[in-house]
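# Architecture and fold: a report
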Amino acid sequence: MTVAPLSRSARTYVAGHRGLVGGAVLRHLLAEGFSDVVTRTSGELDLRDAAAVEHFFEVQRPATVVLAAAKVGGILANSTYPADFLSDNIRIQVNVLDAAARHGTTKLLFLGSSCIYPKFAEQPIREDSLLTGLLEPTNDAYAIAKIAGVLHVQALRRQHGLHFISAMPTNLYGPGDNFSPEGSHVLPGLIRRFEAARLAGDPTVTVWGTGTPRREFLHVDDLARACVHLLEHYDDGAPINIGVGQDLPIAELAQLVADTVGYTGQLVFDTSKPDGTPRKLLDMGKIHDLGWRAEIGLAEGLAATVDWYREQLAAGTVR
Ligand code: GFB
């Protein structure tokens, strides 16, 4: 695959740099010597506002764009606010993708999610299983928005010959994550609850669902490395998975979080909460063939994330 070179001196825009993914991508780009990186907070630039996005691209004309901005959340947030997840994400994507196409962006990486694949896709999930079956109801609105982003990238490649690509990360975690009780994904949600229970001496901690669904977890610093690797080595319209290649049951993850936090009480499973997709292990064949592999193991990454969370707790800056 001949891929247009990725310039480290050309203007590079990271959309969503205050989030888990965008923050890691920004750190990695700066560490890699990218010398002209632009960012805007959502207060400075509301990506749902088409006119504001058009003006930003007209002025900045970034050569490279990483579209990591999105309205994201765990299973409860997705189940509770599907209209917001659909509307906000579609508007962010349409505004950024169209403005990038209009104003000379030569490379763009759009970040989706593993939830775009069918609920009962054959495991591990290959990229070509997209749109071959029904989605998981708890996050179908978000999934449809992200699938629309994948198809928008493919349409811009076909219609305008643009070198835009899409990547589908698995469940992510790490510094900069959302730890809020209602909006967070499982790993930060459990860190918060086990740490609070440890400090309060609570005898039990509730884990949502049956604990039987399986999930894989990729540290966000590994993801950031993969994003640059794909911008340098991938130029095809098909989405490409980014994962670690192994998963574990939520019950096992919960016990690992408890052990890492140092919580010694009992786990109680609240089966009134949804399990979501039974499994979504990603097939890693394509990105491994491009020479990228995850490097941060779950135990190591989890311990570092607990340390980071405790620092934020002490500083009063937990999201
Ligand atoms: O991480 P999570 O919210 O999202 O839930 P998904 C994963 C599993 O962990 C579910 C269980 O089976 C939850 O029931 N779980 C147990 C918990 N305790 C908790 C907890 O305290 N908080 C949370 N959040 N879950 C998301 C999609 O699906 O995957 C998003 O909703 C996105 O759109 C993301 O695609 C990558 O992995 O089920």
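Scroll up to find the structure this text is about.
If you're wondering where the values come from, they're calculated on a predicted model, not measured in any experiment.

## Quick word on the pairing of strand β1 (residues 12-15)
Residues of β1 alternate between two faces, with T12 and V14 on one and Y13 and A15 on the opposite face, all of them buried. Pairing of β1 with strand β2 (residues 37-38), which is carried by 2 bridges, proceeds in the parallel orientation. Considered in β2, the bridge of T12 is made with V37. Once the chain exits β1 it traverses helix α1 (residues 20-31) before rejoining the sheet at β2, and the crossover so formed is right-handed.

## A short note on the site of the ligand
Around the ligand, the surrounding shell holds 22 residues, and the nearest of these are I75, S113, R193, P274 and D275. Take S184: an N or O atom from its main chain is 2.9 Å from a nitrogen atom of the ligand. The separation between an oxygen atom of the ligand and a polar main-chain atom of P274 is 2.7 Å. Sorting the residues of the shell around the ligand by element identifies α3 (75-80), α6 (186-200) and β7 (204-208) as the ones contributing at least two each. The element best represented in the shell around the ligand is α6, accounting for 3 residues. For the shell around the ligand, the class distribution of residues is 10 nonpolar, 8 polar and 4 charged.

## Points about the sheet that holds strand β5 (residues 163-169)
Taken together, the 6 strands give an open sheet; going across it, the order is β2-β1-β3-β4-β5-β10, and neighbouring strands pair in parallel fashion. On the outer flanks of this sheet lie β2 and β10 (240-242), each paired with one strand and no other. Sheet topology places β1 next to strand β3 (residues 64-67); 4 bridges connect them, and they run parallel. Across the sheet, the residue bridging to A15 is L67, located in β3. On top of the sheet, helix α4 (residues 82-102) reaches β3, β4 (107-111) and β5; it is set at about 170° to β3, its chief contact. Running over the sheet, helix α7 (residues 220-233) touches β3, β4, β5 and β10 and is turned about 140° from β4.

So, how was this worked out
- Residues numbered from 1 in each chain as written.
- Predicted model: local features only at pLDDT ≥ 70, side-chain atom pairs only at ≥ 80, totals over all residues.
- Heavy atoms only, no water.
- Buried < 20%, exposed > 50% of the residue type's maximum accessible area, 1.4 Å probe, protein only.
- Helix = DSSP H or I, 4+ residues; strand = E, 2+ residues; numbered from the N terminus.
- Pairing = 2+ DSSP bridges.
- Right-handed = clockwise from strand over helix to strand, strands pointing away.
- Near = heavy atom within 4 Å.
- Polar contact = N/O pair within 3.5 Å; in protein donor to acceptor, adjacent residues only side chain to side chain.
- Nonpolar A, V, L, I, M, F, W, Y, C, P; charged D, E, K, R; others polar.
- Contact = heavy atoms within 4.5 Å.
- Axes fitted to C-alpha atoms, helices over the stretch in contact; angles between N-to-C directions.

By themselves these figures say nothing about function.
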